[in-house]
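These are the residues of each chain, in order.
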Amino acid sequence: MLYLVDGYNMIGAWPEFRGLTDISQSRELLISMLADFAGFTGDELMLVFDGYKGDKPKTSVERVAGIDVIFTKRSETADRFIERTVDERMANLPRFSRQAIRVATSDGMEQVIILGHGALRVSARMFHEEVQEAEKEIRRYLQGTD
C-alpha cells in the first residue's frame, strides 16, 4: 500500500499539534509518528508539505527514517503534487490493484478528485486513528505483551 499524506492537513487536524507554535517542531513530530507507522505496517509513505509559498524552484524529496518527505516547489500545492502522483502511479498499476493507493487528507475537494482517480481516501481523523492503533501495537510489542 502507498500512503500519500498531506502533511499540513494532518498537523492542522491532529490533537498532538495543538499548542505547538513551532512549525518545524510539528513537522518533525509528524515525520517521527509516520515513520513509526510505516515501519510497523511495512507500507510505503510519502509525506507531502506545501511549498507553494516558498522560494524553492524545484520540489525536494528527502528519505527520512524510511519515508519520503516532500516539499513541493514554489507555486505548487501538496494537493496538486498528490493528484499528479496518484495519476502517475495509477497508470502503472493493473486495474485490480488500483486501490493500493490511499490519500490522507480532509480537504473536501481533494477527496472528490482522488476518488475520481481511483485511489482510496482517508480523512485526517481516520488516519489519526490508524496511526494511534499502530502506536498501541508497537508499545505492546516493545513491552512484550502481545
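Structure: see above.
Residues numbered from 1 in each chain as written. Predicted model: local features only at pLDDT ≥ 70, side-chain atom pairs only at ≥ 80, totals over all residues. Heavy atoms only, no water.

Draft legend 1. Structural view of the packing of aromatic side chains. Under the criterion given, the structure shown has 7 aromatic pairs. Aromatic side chains Tyr3 and Phe37 sit 5.4 Å apart centroid to centroid with 85° between the ring planes, which places their arrangement in the edge-to-face category. Note that Tyr3 is positioned in strand β1 (residues 2-6) and Phe37 in helix α2 (residues 23-41), a separation of 34 residues in sequence. You'll find Tyr3 and Phe37 in the same group, each marked buried. (Phe/Tyr/Trp six-rings, centres within 6.5 Å; stacked < 30°, edge-to-face > 60°. Helix = DSSP H or I, 4+ residues; strand = E, 2+ residues; numbered from the N terminus. Buried < 20%, exposed > 50% of the residue type's maximum accessible area, 1.4 Å probe, protein only.)

Draft legend 2. Just the side chain of Thr105, in detail. Here Thr105 shows up in the loop between β5 (101-104) and α4 (108-117). Of note is the side chain of Thr105, whose polar atom sits 3.1 Å from the backbone nitrogen of Asp107. When neighbours within four sequence positions are excluded, Thr105 is seen to be in contact with Asp6, Asn9, Met10, Glu110, Gln111, Val122, Ser123 and Ala124. (Polar contact = N/O pair within 3.5 Å; in protein donor to acceptor, adjacent residues only side chain to side chain. Contact = heavy atoms within 4.5 Å.)

Draft legend 3. Molecular detail of the side chain of Arg102. Locating Arg102 in the fold gives a position in strand β5. Given a relative accessible area of 17%, Arg102 falls into the buried group. One polar contact links Arg102 to Tyr3, side chain to side chain, over a distance of 3.0 Å. Polar side-chain contacts of Arg102 include one of 3.0 Å to the side chain of Glu130. If sequence neighbours within four positions are ignored, Arg102 has contacts with Met1, Leu2, Tyr3, Leu4, Leu120, Val122 and Glu130.

Draft legend 4. Expanded view of helix α3 (residues 78-91). Here α3 spans 20 Å end to end across 14 residues, near enough to the 20 Å set by a 1.5 Å rise per residue. Of all the residues in α3, the buried ones are Ala78, Asp79, Phe81, Ile82, Glu83, Thr85, Val86 and Met90. Looking at the buried side of α3, the elements it contacts are β1, β2 (44-49), β4 (67-71), β5 and α4. (Expected span 1.5 Å × (residues − 1).)

Draft legend 5. Structural detail: unusual backbone geometry. Even without being a glycine, Ala65 presents a positive backbone phi close to 50°. Summarising the element assignment, Ala65 is placed in the loop between β3 (60-64) and β4. The exposed category is assigned to Ala65, whose relative accessible area is 60%.

Draft legend 6. Summary view of the pairing of β1. Counting buried positions along β1 yields 5 of 5 residues, so the element is predominantly enclosed. The two faces of β1 match: Leu2, Leu4 and Asp6 on one face and Tyr3 and Val5 on the other face are all buried. Sheet topology places β1 next to β2; 5 bridges connect them, and they run parallel. Along β2, the bridge assignment pairs Leu2 with Glu44. Looking at chain direction, β1 and β5 are connected through 4 bridges and run parallel. Each bridged residue has a counterpart across the sheet, and for Tyr3 the counterpart in β5 is Arg102. (Pairing = 2+ DSSP bridges.)

Draft legend 7. The environment of Phe81, seen in detail. For Phe81, the position within the fold is in helix α3. Note: C-alpha distance between Phe81 and Leu4 (77 residues apart in sequence) is 9.7 Å. In this structure, Phe81 is in contact with Met46, Val48, Thr59, Ile70, Thr72 and Glu76, ignoring residues within four places of it in sequence.

Take it as geometry only, folks, not as evidence of what the structure does.
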